[in-house]
Amino acid sequence: MREGLTVAGHRLTGRTRPSEVGTWADAVSPDGRPSGVLRFDPAAVATAAARERLVAAVGADVRLQEGGPIGLLPVIDLVAARDEVWLITARATPAVADLMAAGRLDPGGAATVLLETAQALLAVHAAGPAHGSLHAGTVVIGENGSVLLAERGLLRALRGETASAEQDVAAWAALAGALAAHCGQGHAAAALRRAAGAAAHGLAAARDTLLAERDAFPGMGRERLAHSAHSAAYGFAAPASPASPELPAGPAAGSSGGEAVTLLDLPNAGDGPGDVMMRFGPGVPTETTAAQIWRAGQTHDAVTAAHTGGPAPRRRRRRTTAWAGTLLLAILIAAAILWLRQAPGAPLAVSDVDVKAPKKTVHCDGRADFVGVVTTNGEAGTLRYLWIRSDNREPLEQEQQVSSGDTSVDLPLHWKVTGPGSFKGTATLRVLSPTTTGKPIQDKASFTYKC
């Protein structure tokens, strides 16, 4: 990917990641703000019908966001230049998949992702649309740690398919299962699996399960998630190599070599000079049910174009008849956000390490089983440690997730010995962090081998 390419005034930085529908690139807007640019696969937008469906899907997102942020990645514009179509958004990195790959998504962050994703889907479903392609690559983290849904409706629109809320619920459950596997074993992972199972009764039930399991996620909330996102922001997005997704060479869309034409707005002769309308797609109320739901519990900066449109009477009636249920849902979401914003507990700290070795002699082709008992302050977090063996085997740094309430953690080591001879083997467990002294804490023990 060529750094410096410009798309409708947005300068690409050279960092990309693949998508199901094309290639994402980090960019800088004309006013210097971070932005994201998605270049659609030319084959996917080759027909007029595909482009019309795409404009309808993106236009629906713009109108959904007019009433306020609802958990969708804010859309800035959809433009076409020559045979290319580009979606311009607020910054679309990092995705949850990037945090997982970088090892920067802890159980608290995973729970935050699931809770806010469920909340956003409930809001979107209340307005009528569905996502259609929810997974760790289409959920991104905003500058303030907010969890945003990206690529809503795009894949289905390009394929001419219809997304459903039921498919989204199944995809959410699959995402919860993947995050539980990422968290390994322990109380937090089990809680995430229970939330995944609860999705069989709907997203509201899954969300309530997460809330009920609050004690399993003391690090839950946007602050730590934002920190993780900033730390991993550039880890996935190195400048493109020959194996990386490439954006086209040649004139940039909107540069002196080619003109970018917006696909989202078209002057309406019947309106004032400042009014615009969507070129394609069904109308969505300016003040949507989704916006009301999300606004009850979420606030973050949204970057959207100003589009207005007439209300759809059928959706207005739906909003009126569903008002009681919407109000209840808004209250529940507001309570969830208040909980998320509570100050996190004290950080995990290790105060002692005790290594125990086999008391009996290990004989021919036997195994010495060590266990390191780590004493903590009972808070949740991640242990970083090394097992160092006296046979000069290269030590490997490892991590262990610790759940809240666990004041003792067992770290095993299995040392296999083969061949004739005798020797004394010593294993040292060194906890690198976090410790009460700020320095590594260690202990060691030995065993005897005879054959």
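Residues numbered from 1 in each chain as written. Predicted model: local features only at pLDDT ≥ 70, side-chain atom pairs only at ≥ 80, totals over all residues. Heavy atoms only, no water.

**Remarks on the state of the cysteines**
Applicable threshold: In what follows, a disulfide is any cysteine sulfur pair within 2.5 Å. Helix and strand assignments follow DSSP, with helices taken as H or I runs no shorter than four residues and strands as E runs no shorter than two, numbered in order from the N terminus. For every residue, the accessible area obtained with a 1.4 Å probe (protein chains only) is divided by the maximum for its type, and the residue is called buried under 20%, exposed over 50%, and partly exposed between those limits.
What the rule picks out here adds up to one disulfide. Linked covalently through their sulfurs, cysteine 364 and cysteine 451 form a disulfide whose S-S length is 1.9 Å. Given an S-S torsion of about 110°, the disulfide between cysteine 364 and cysteine 451 has right-handed geometry. Taken together, the residues span a long stretch of sequence, with cysteine 364 in the loop between strand 12 (350-356) and strand 13 (367-376) and cysteine 451 in the segment after strand 18 (441-450) at a distance of 87 residues. Classification of cysteine 451 by relative accessible area gives partly exposed; the value is 41%.

**As for the side chain of threonine 428**
Selection rule: Contacts between residues were defined by any pair of non-hydrogen atoms, one from each residue, lying within 4.5 Å.
Topologically, threonine 428 is positioned in strand 17 (residues 422-433). Under the relative-accessibility criterion, threonine 428 is labelled buried at 11%. Apart from the residues within four sequence positions on either side, threonine 428 is in contact with Leu386, Trp387, Ile388, Gln442, Asp443 and Lys444.

**Some words on the sheet that holds strand 12**
Worth spelling out the cut-off: Two strands pair under a simple rule: DSSP has to find at least two bridges between them. Lines fitted to C-alpha atoms define the axes here, with helix axes fitted over just the stretch in contact, and angles between the N-to-C directions of these axes take values from 0 to 180 degrees.
Strand order in the open sheet made by the three strands is 12-13-16, with antiparallel pairing throughout. The sheet terminates laterally at strand 12 and strand 16 (408-416), the two strands that pair on one side only. On average, adjacent strands in this sheet sit at an angle of 20° to one another, irrespective of strand direction. Here strand 12 pairs with strand 13 via six bridges, running antiparallel. What sits directly across from valine 350, in strand 13, is threonine 376.

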